[in-house]
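# Architecture at a glance
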Amino acid sequence: MQIHAIQTGLVRTKAAQIEGRGRGLLRQLAIFTDQNWTEWLPIYAWVIDHPEGVIVVDTGQGSYLLEMGKSLHPYMRWEAAFKIEREQEIGPQLRGLGITARDVKKVVLTHLHVDHDGGLAHFPSSKIFVARGELQVSKGFMGRVRGYLPNRWPSWFDPAPLDFAAEPFGPFAMSRRLTEAGDVLAIATPGHTADHVSVVVRDGDTIFFLAGDTSYNEQLMLAGRVDGISPDEHISIATLHNIKRLAERYPTVYLPTHDPNSGARLASRRLAGKFAGGEGSPIVRATKLTLAT
Ligand SMILES: [Zn+2]
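Keep in mind it's a predicted model, so treat the numbers as computed, not measured.

### Side note on the overall build of the chain
When helices and strands are tallied, the chain shows 11 helices and 12 strands. What you see for the chain is a C-alpha radius of gyration of 18 Å, in line with the 19 Å of a compact globule of 293 residues. In terms of overall dimensions, the chain has C-alpha extents of about 55 × 45 × 35 Å along its principal axes. Buried residues in the chain amount to 55% of all 293 residues. A fraction of 66% describes how many contacts in the chain between residues 6 or more apart in sequence connect residues 24 or more apart. In the form shown here, the chain has an accessible surface area of approximately 12,700 Å², with 52% of it arising from carbon and sulfur atoms. One way to put it: in the chain the 32 positive side-chain charges average out to a point 2 Å from where the 31 negative ones average out.

### Quick notes on the coordination of the zinc ion
Around the zinc ion, the protein contributes the donor atoms D115 (OD), H116 (NE2), D213 (OD) and H258 (NE2), at 2.1 to 2.3 Å from the metal centre. In this structure, the zinc ion is coordinated by four donor atoms arranged in irregular fashion, with angles at the metal of 80 to 166°. All donors to the zinc ion come from one chain, and their sequence spacing reads D-H-x96-D-x44-H.

### Looking at the nonpolar core
Residues W46, I48, V108, L178, V199 and L210 are the most contacted members of the largest nonpolar core, which totals 23 residues. At the level of elements, β2 (41-50), β3 (53-57), β9 (184-188), β10 (197-203), β11 (206-212) and β12 (252-256) are the ones that each hand at least two residues to this core. Excluding its chain neighbours within four sequence positions, the residues that come into contact with L178 are I55, K106, V108, L162, V184, L185, A186 and V199. Formed by 20 residues, the second largest nonpolar core is a distinct cluster that contains L94, V104, F123 and L135.

### Digging into the pairing of strand β5 (residues 104-108)
Where β3 lies against β5, four bridges are found, and the strand directions are parallel. Bridged to V56 within β5 is V107.

### As for the packing of aromatic side chains
Summed over all chains, the structure comprises four aromatic pairs. Ring geometry for Y44 against W46: centres 5.3 Å apart, planes inclined by 25°, an arrangement best described as stacked. Measuring from ring centre to ring centre gives 6.2 Å for F172 and F209, while their planes differ by 45°; the resulting arrangement is tilted. Within this pair, whereas F172 is found in the loop between β7 (160-161) and β8 (175-177), its partner F209 is found in strand β11, the two being separated by 37 residues in sequence. Classification of F172 as buried rests on a relative accessible area of 4%. Within the aromatic cluster, the residues linked to one another by ring pairs are F172, F209 and Y254. Looking at R12, its charged tip hangs above the ring of W37, at a distance of 5.1 Å from the centre. One Lys or Arg, K83, reaches over the ring of W40 and ends 4.5 Å from the middle of that ring.

### Remarks on helix α9 (residues 233-249)
Between its first and last C-alpha, α9 extends 24 Å over 17 residues, near the 24 Å set by a 1.5 Å rise per residue. Every buried residue of α9 is listed here: E233, S236, T239, L240, N242, I243, L246 and A247. Capping the start of α9 is the job of one residue whose side-chain oxygen sits 2.9 Å from the backbone nitrogen of H234: D232.

### As for the pattern of salt bridges
This structure, assessed with the given rule, holds 11 salt bridges. E79 is the partner of K14 in a salt bridge, and the nearest nitrogen-oxygen pair spans 2.6 Å. Pair noted here: K14 is in the loop between β1 (2-13) and α1 (15-18) and E79 is in helix α3 (residues 74-79), with a separation of 65 residues, a long-range link. Across the pair, E79 and K14 agree in class, each one buried. Between E19 and R225 there is a salt bridge whose closest N-O contact spans 2.8 Å. Taken together, the residues E19 in the loop between α1 and α2 (24-33) and R225 in the loop between α8 (218-222) and α9 connect sequence positions 206 residues apart. Given a relative accessible area of 33%, E19 falls into the partly exposed group. Among the ionic contacts, a cluster of salt bridges with common partners joins R23, R27 and E233.

### Here's the deal with the pairing of strand β6 (residues 127-130)
Across three bridges, β5 lies against β6 in parallel orientation. Residue pairing across strands places K106 opposite K127, the latter belonging to β6. By the bridge criterion, two bridges tie β6 to β7 in an arrangement that is parallel. Along β7, the bridge assignment pairs F129 with A160.

Calculation criteria
- Residues numbered from 1 in each chain as written.
- Predicted model: local features only at pLDDT ≥ 70, side-chain atom pairs only at ≥ 80, totals over all residues.
- Heavy atoms only, no water.
- Helix = DSSP H or I, 4+ residues; strand = E, 2+ residues; numbered from the N terminus.
- Rg over C-alpha atoms; globule rule 2.2 N^0.38 Å.
- Buried < 20%, exposed > 50% of the residue type's maximum accessible area, 1.4 Å probe, protein only.
- Contact = heavy atoms within 4.5 Å.
- Areas by Shrake-Rupley, 256 points an atom, 1.4 Å probe, with all protein chains shown as cover.
- Lys, Arg positive; Asp, Glu negative; His and termini not counted.
- Charge placed at Lys NZ, Arg CZ, Asp CG, Glu CD.
- Donors = N, O, S within 2.8 Å, 3.2 Å for Na, K, Ca; no water.
- Tetrahedral: all angles 85-135°; square planar, octahedral: opposite > 155°, others 65-115°.
- Core = buried A, V, L, I, M, F, W, Y, C linked by side-chain atoms within 4.5 Å.
- Pairing = 2+ DSSP bridges.
- Phe/Tyr/Trp six-rings, centres within 6.5 Å; stacked < 30°, edge-to-face > 60°.
- Lys NZ or Arg CZ within 6 Å of the ring centre and 35° of its normal.
- Expected span 1.5 Å × (residues − 1).
- Polar contact = N/O pair within 3.5 Å; in protein donor to acceptor, adjacent residues only side chain to side chain.
- Salt bridge = Lys/Arg side-chain N within 4 Å of Asp/Glu carboxyl O.

So, in structure tokens, the structure goes:
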């Protein structure tokens, strides 16, 4: 099994989106009044080359987002900027790895924001999984009001609902197996959106945590800082706390979509939290993974 990082261009947003300011509605509105832009951040998608078939986690952005300067939606028009070339979309990059659309058995979307579902058109023959609640809030006219782009979904887009079983994974109460072997699982990580999911891959003793937008980078997760988007601060804090607890107990490589260090962290298997000493640290070698699967 191998995990590939695919960077589908760049995005930048207001600083108040990455790290929330204030509380409640004011925190969410701060994105619109903040004058400070972040640096350009990566948009990663992940490819799990698994013996049971390739699993893709998120599909990155599509080059159509470059037209968003004309969007009627105030967020899309004023509060985010995108950079991508056509050949940086996930389809061409997969072909570069020798993987065709037919090899991709499953696609899991952490949520349906435009920088995660923008490459859907490249997966016409894959089984696509989305959390039931996430699909509900993103479709139709109300979905567009909320800043989703359901009008850009391929006409064949009809995802399977990602229902969870009461099978704990570390501090997370619910999970859903994505492989027969039980080494790739989806877990509910509500926060950035109410039904946000993450995917965990167990490779020996190491957990690769494909985090989506649970936080914009590793420091914010370790500090338990809520972003400017999350609808409920308490739920976000609980999820961030659970990720940190997982990383304190088990060797975990934490890989948020927009963390500039995620690609390098995957390549070097650099661990989060108390295991940050690295792969070779004695603590890591001594730790036996005893998670339920
Ligand atoms: Zn995102």
